[in-house]
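# A look at the structure
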Amino acid sequence: AITHFRTAIEVDPRNANAHGALALSLAIQGKFAEAIPNYRKAVELDPKRADTHFLLGYALARRGELDEAIVHFRTSLKLDPKSADAHEELGAALAEKGKSKEAIPHFRKVIELAPNRPGAHFNLGNALNDNGDFGEAITVLRRAVERDPKHAGAHEVLGNALTSLKKQDDAI
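Overview of the structure. (Residues numbered from 1 in each chain as written. Predicted model: local features only at pLDDT ≥ 70, side-chain atom pairs only at ≥ 80, totals over all residues. Heavy atoms only, no water.)

## Here we look at the packing of aromatic side chains
Under the defined criterion, the tally for this structure stands at three aromatic pairs. Arranged with centres 6.3 Å apart and planes meeting at 35°, the rings of F54 and Y58 form a pair that is tilted. You can see F54 and its partner Y58 sitting in helix α4 (residues 50-62), four residues apart, about one turn around the helix. The buried category is assigned to F54, whose relative accessible area is 14%. (Phe/Tyr/Trp six-rings, centres within 6.5 Å; stacked < 30°, edge-to-face > 60°. Helix = DSSP H or I, 4+ residues; strand = E, 2+ residues; numbered from the N terminus. Buried < 20%, exposed > 50% of the residue type's maximum accessible area, 1.4 Å probe, protein only.)

Below you can see the structure in the form of structure tokens.
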């Protein structure tokens, strides 16, 4: 597929879809460094595509380029405010940058848009815990472990939140 996408770009360098498809094929293989310039070109050629901004943000985030990833996730959400994926990745990037308070509304939106999404409650509970909102974190993390009793991270953060509220007996 990659060969054909490259040929399509050679024939028509202004083909945003071909640049995006090549980038996606590369990203699927974990070749984010190679995918990013093609996503950038696709965004340049067709800046109104929410999915391309999202995928560029995703590739950037995987490379640790969080500031620029956040810009593209925000642009994706301006174009498609109901994208649970964009809310989730924007929340994750913000949380990774230590901006849990900013991440919380995006994790709430993921739960609203896709309530059965694996990890959605964990992400919100973790951000609430990081923000010092231990009571609500406990409630949300209990939902996370009910949904996925084998989610070690949810159990760990729930234990931390309970300990923070001096509820060690509940944490055991």
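Let's pick the thread back up.
## Thoughts on the side chain of H87
Position of H87 among the secondary structure elements: in helix α6 (residues 84-96). Separated by 3.0 Å, the side chains of H87 and H106 make a polar contact. (Polar contact = N/O pair within 3.5 Å; in protein donor to acceptor, adjacent residues only side chain to side chain.)

## What about helix α8 (residues 120-130)?
The buried count for α8 comes to eight of eleven residues, which makes it a mostly enclosed element. Along α8, the residues that are buried comprise A120, H121, F122, L124, G125, A127, L128 and N129. A positive backbone phi angle near 85° is found at G132, which sits one or two residues after α8.

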